[in-house]
Amino acid sequence: MRRLLFAGLWPLPPLGLRLGLTLAGLAVGVLNLVFLAEIWPHTPAAAVTLLVLLWLLLLALLPQVTVWAWRWLRAYAGPGWVRVLATAAFLGGAGVVLLGWLAVLVGGPLFFLHRSGLLGSYF
């Protein structure tokens, strides 16, 4: 049964240089934010700069993961019904990625406007 279900799923396609660097940048940025008081104690603007960098890296990550998943799906050589289910799951996931990209694209500037006080006290 295991061979039937997981036939052709492995190996996954390689991540690629851009996707690997984006993931590494996100990891470093998150660690910088977690240890902000220890690493950047005398630079209060570092938090805002790191948030902007994380926001931009997240914007770059979502389309790269979608392309990577599409490459994996095209190279899949398993049973046809699994390919149909994987295509449906990919299309649903791509829709979620696009909505997430839109949310990050709109939410980032709104967050910084809120932090600066320009939005007022409504949010």
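Residues numbered from 1 in each chain as written. Predicted model: local features only at pLDDT ≥ 70, side-chain atom pairs only at ≥ 80, totals over all residues. Heavy atoms only, no water.

Chemist: For this particular structure, what's the right way to read the overall build of the chain?
Modeler: Helix and strand counts for the chain come out as five helices and zero strands. Listing every helix and strand of the chain by position from the N terminus yields α-α-α-α-α. The buried share of the chain, reckoned over its 123 residues, is 22%. Surface exposure of the chain reaches about 8800 Å², of which carbon and sulfur atoms provide 77%. (Helix = DSSP H or I, 4+ residues; strand = E, 2+ residues; numbered from the N terminus. Buried < 20%, exposed > 50% of the residue type's maximum accessible area, 1.4 Å probe, protein only. Areas by Shrake-Rupley, 256 points an atom, 1.4 Å probe, with all protein chains shown as cover.)

Chemist: How should the side chain of Gln64 be read in this particular structure?
Modeler: Mapped onto the fold, Gln64 is located in helix α4 (residues 46-75). A polar contact of 3.4 Å, which involves the side chain of Gln64, links it to the backbone nitrogen of Leu19. (Polar contact = N/O pair within 3.5 Å; in protein donor to acceptor, adjacent residues only side chain to side chain.)

Chemist: I would appreciate a short explanation of α4 in the present structure.
Modeler: The periodicity of an α-helix, 3.6 residues per turn, causes residues three or four positions apart to be oriented the same way. A rise of 1.5 Å per residue sets the reference length of α4, with its 30 residues, at 44 Å; its end C-alpha atoms lie 43 Å apart and thus fit the reference within 8%. Of the residues making up α4, those classed as buried are Ala46, Leu50, Leu54, Leu59, Leu61, Leu62, Gln64, Thr66, Trp68, Trp72 and Leu73. (Expected span 1.5 Å × (residues − 1).)

Chemist: Whenever I open this one, the confidence of the model for the chain confuses me. Can you help?
Modeler: Reading predicted coordinates in detail is not appropriate for stretches of low pLDDT. Of the residues in the chain, 77% reach a pLDDT of 70 or more, and the chain-wide mean stands at 76. Confidence, read as mean pLDDT per element, is least for helix α1 (residues 2-6) in the chain (52) and greatest for helix α2 (residues 17-34) (89). (pLDDT = per-residue confidence, 0-100.)

Chemist: Would you mind going over the packing of α2 against α4 with me for this structure?
Modeler: Interaxial distance between α2 and α4 falls to 9 Å at its minimum, and their mutual angle equals 150°. In this view, α2 runs roughly antiparallel relative to α4, as classed from their interaxial angle. The handedness of the crossing between α2 and α4 comes out as left-handed. Where α2 abuts α4, its residues Arg18, Leu19, Thr22, Leu23, Gly25, Leu26, Gly29, Val30, Asn32 and Leu33 lie against Ala47, Leu50, Leu51, Leu54, Leu57, Leu58, Leu61, Gln64, Val65 and Trp68. Residue composition of the contact of α2 with α4, by class: 14 nonpolar, five polar and one charged. (Axes fitted to C-alpha atoms, helices over the stretch in contact; angles between N-to-C directions. Parallel < 35°, antiparallel > 145°, perpendicular 65-115°, else oblique. Left-handed = near helix turned anticlockwise from the far one by under 90°. Contact = heavy atoms within 4.5 Å. Nonpolar A, V, L, I, M, F, W, Y, C, P; charged D, E, K, R; others polar.)

Chemist: Would you mind showing me how to read a nonpolar patch on the surface here?
Modeler: The grouping of Val30, Leu31, Val34, Phe35, Ile39 and Trp40 at the surface amounts to a nonpolar patch, some 560 Å² of accessible area in total. Here the nonpolar patch gets three residues from one element, more than from any other, and that element is α2. Structurally, Val30 is set in helix α2. On the basis of relative accessible area, Val30 is assigned to the partly exposed category, the value being 44%. (Patch = residues over 30% accessible without salt bridge, like charges linked within 9 Å, V, L, I, M, F, W, Y side chains within 5 Å. Salt bridge = Lys/Arg side-chain N within 4 Å of Asp/Glu carboxyl O.)

Chemist: Help me out: how do you make sense of the nonpolar core in this one?
Modeler: A general tendency of soluble globular proteins is for nonpolar side chains to be buried together. Membership of the largest hydrophobic core is limited to seven residues, which are Trp72, Leu73, Tyr76, Val82, Ala86, Phe90 and Ala94. Elements represented by at least two residues in this core include exactly α4 and α5 (80-116). Grouped together as the second largest cluster of nonpolar side chains are five residues, Leu26, Leu54, Leu61 and Trp68 included. (Core = buried A, V, L, I, M, F, W, Y, C linked by side-chain atoms within 4.5 Å.)

Chemist: Whenever I open this one, α2 confuses me. Can you help?
Modeler: An ideal rise of 1.5 Å per residue puts 26 Å on 18 residues; α2 measures up with 26 Å between its terminal C-alpha atoms. Of all the positions in α2, only Leu19, Thr22, Leu26, Gly29 and Asn32 are classed as buried. For α2, the arc enclosing every buried residue in end-on projection is 150°, short of the 170-degree limit, so these residues lie on one face. Along α2, the residues that are exposed and aim more than 90 degrees away from the buried face are Leu17, Leu21 and Val34. Check the buried side of α2 and you find it contacts α3 (36-39) and α4. (Arc of directions from axis to C-beta.)

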